[in-house]
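Remarks on the overall topology
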Amino acid sequence: MRSTGFRRTFVALSVCSLALTACGSNDDSADDSEGGKTSITVNCMPPKSAKVDRQFFEQDVASFEKANPDIDVTAHDAFPCQDPKTFDAKLAGGQMEDVFYTYFTDAKHVVDINQAADLTPYVKELKSYDTIQQQLRDIYTVDGKIYGIPRTGYSMGLIYNKKLFEEAGLDPNRPPATWEELRAAAKKIAGLGNGTVGYADYSAQNQGGWHFTAEMYSQGGDVVSADGKKATIDTPQGRAVLKNLHDMRWTDNSMGSKQLLVINDAQQMMGSGKLGMYLSAPDNIPILVKEKGGNYKDLALAPMPGGEGTLIGGDGYMFNKKASPDEIRAGLKWLDSMFLTPGDGFLGDYARAKKAEAPVGLPEPRLFTGAADAKDQEVKKANANVPVENYQAFLDGNQSLDMKIEPPNAQQIYSVLDGAVSAVLTKKDADIDQLLQDASGKIDSILARG
């Protein structure tokens with residue numbers, strides 16, 4: 001799943017909770033040879049309602065075309081950038097743009113249905129490719145061939161309210177490092193009363209399954225076997241995840257009585273100062289401030305409790321299988337200019353973002369390595385307008401965590417796991433062993449169908 005949408009001011013709360021118009025079609029793509037130019041269509045341009053992002057995107061496309069007068073770029077907007085309900089139909093119907101947005105979990109599927117161009121012969125022309133984190137590049141590499149280019153990446157962590165920590169007698173500079181510590185902290189925060197909730201978790205619209213997966217990773221477990229053929233949730237780690245949620249809900253009363261929450265619910269609670277902690281990625285923080293009434297100084301970020309691993313996600317671009325060599329080369333140049341130049345472009349022009357009062361200094365996305373990363377971080381730090389010290393624990397803790405991508409058939413699996421998570425949060429007598437056994441059988445069936 002995606003954590004949010006556009007980096008600055010326009011956000012998508014959850015893929016599975018949205019069903020909006022897809023990103024148009026490539027019917028308006030001009031002939032490659034027209035006027036001696038190569039014309040390409042691209043998607044994921046911010047819609048007009050996202051005024052700042054839209055302006056930045058259009059500025060950057062215009063700058064690219066000026067620097068590359070032999071390339072014409074036609075961009076299509078949409079929110080969300082990819083609608084799962086229409087994505088496959090657009091691919092199969094030949095309506096997908098030349099350069100199209102995908103979630104990390106789409107990569108292998110698009111290749112499997114033979115709708116992606118092989119970029120391997122052209123990647124050497126992408127100046128930034130070797131600077132991108134290897135684990136992100138690997139996501140778009142299938143059977144040794146490269147089919148996509150990462151654009152952003154995120155990892156799950158723990159957002160917490162420093163003010164509530166202080167009020168509950170907890171050290172705001174020492175966030176919980178284990179699930180046992182998190183449980184104890186949540187109980188103290190809930191003890192403040194007046195409707196305060198210690199810890200919130202999702203359990204509807206596939207988001208409960210998403211977080212169950214992240215919590216499994218945090219304890220060294222997995223949802224699916226390494227070969228992708230069997231469920232691996234009926235394990236000590238799976239039982240620990242559900243039992244912890246059950247006990248926090250029913251024994252400690254630290255999760256509040258309202259359940260079947262989704263991301264917007266947790267954001268509303270955190271923004272209003274009534275929630276101590278919830279799992280999320282860094283890009284939730286500006287949403288909490290700009291849309292939910294929160295304050296940057298009160299919001300801090302810690303690594304996933306458990307110390308073993310965390311769930312990573314993100315997005316990138318793939319190319320239409322019908323794209324010509326010239327279109328592929330033009331598209332790669334566009335990606336380099338728009339998204340993959342440290343300290344510049346739509347995602348990296350931190351000075352421009354600061355001037356527009358967009359948040360600068362969040363710990364992610366962090367796409368690059370080596371000198372490219374150093375340059376990007378230097379420019380980001382120079383323009384930071386948020387309390388970066390609040391995120392240092394997250395940065396430090398992530399160094400030792402196993403970064404794991406979402407499972408295959410993620411949305412179908414999350415739907416199954418929603419049932420297990422919602423059961424332990426709404427039924428005091430929920431049978432955890434039976435829930436895991438039933439969910440395992442359903443996941444095995446999903447995996448068997450491919």
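Anything mentioned here points back to the structure above.
In this text, all values refer to a predicted model and were calculated from it rather than measured experimentally.

**Thoughts on the sheet that holds strand β9 (residues 275-280)**
Pairing within the open sheet is mixed, and its four strands lie in the order β8-β9-β7-β10. On the outer flanks of this sheet lie β8 (197-199) and β10 (299-303), each paired with one strand and no other. On average, each strand axis in the sheet is tilted by 25° relative to the strand beside it, whichever way the strands run. As paired elements, β8 and β9 share two bridges and run parallel to each other. Paired with V197 across the strands is L275, a residue of β9. Sitting on the sheet, helix α9 (residues 263-271) is in contact with β7 (157-161), β8, β9 and β10, with an inclination near 140° to β9.

**Looking at the nonpolar core**
Counting residues in each nonpolar core, the largest one holds 75 residues, and the members touching the most others are Y199, F212, I233 and M277. A total of ten residues in this core trace back to one element, the largest contributor, which is helix α16 (residues 410-426). Ranked by size, the runner-up nonpolar core spans 55 residues in total, among them I71, C81, W334 and L340.

**Observations regarding helix α8 (residues 236-250)**
Its 15 residues give α8 an end-to-end C-alpha distance of 21 Å, which sits within 8% of 21 Å, the value for a rise of 1.5 Å per residue. For α8, the complete set of buried residues consists of G238, V241, L242, N244, L245, H246, D247, M248 and R249. Looking at the buried side of α8, the elements it contacts are α6 (179-190), β8, α7 (207-218), α16 and α17 (432-449).

**Some points on α16**
For α16, which comprises 17 residues, the first-to-last C-alpha distance of 24 Å matches the rise-based estimate of 24 Å (1.5 Å per residue) to within 8%. Taken as a whole, α16 carries its principal kink of about 25° at L417. Within α16, twelve of the 17 residues are buried, which leaves the element mostly enclosed by the surrounding structure. Considered for burial, the residues of α16 that qualify are A410, I413, Y414, V416, L417, D418, A420, V421, S422, A423, V424 and L425. On its buried face, α16 is in contact with α7, α8, β11 (309-319) and α17.

**Here we look at the packing of aromatic side chains**
In this structure the tally under the stated criterion is 13 aromatic pairs. Relative to F165, the ring of Y160 lies with its centre 4.8 Å away and its plane at 45°, an arrangement referred to as tilted. As far as the burial class goes, Y160 and F165 line up, both buried. Residues Y317 and F339 carry aromatic rings whose centres are separated by 5.6 Å and whose planes lie at 15° to one another, so their mutual orientation is stacked.

**Looking at unusual backbone geometry**
The step from E364 to P365 runs through a cis peptide bond, and the omega angle for that step is 5°. On the secondary structure map, P365 appears in the loop between α13 (350-355) and α14 (370-382). Positive phi outside glycine occurs at N206, with the angle close to 75°. Mapped onto the fold, N206 is located in the loop between β8 and α7. Taking the relative accessible area as the measure of exposure, N206 reaches 15% and is therefore buried.

Cut-off values and rules
Residues numbered from 1 in each chain as written. Predicted model: local features only at pLDDT ≥ 70, side-chain atom pairs only at ≥ 80, totals over all residues. Heavy atoms only, no water. Pairing = 2+ DSSP bridges. Helix = DSSP H or I, 4+ residues; strand = E, 2+ residues; numbered from the N terminus. Axes fitted to C-alpha atoms, helices over the stretch in contact; angles between N-to-C directions. Contact = heavy atoms within 4.5 Å. Core = buried A, V, L, I, M, F, W, Y, C linked by side-chain atoms within 4.5 Å. Buried < 20%, exposed > 50% of the residue type's maximum accessible area, 1.4 Å probe, protein only. Expected span 1.5 Å × (residues − 1). Bend = angle between axes of the 7 residues up to and from the residue. Phe/Tyr/Trp six-rings, centres within 6.5 Å; stacked < 30°, edge-to-face > 60°.

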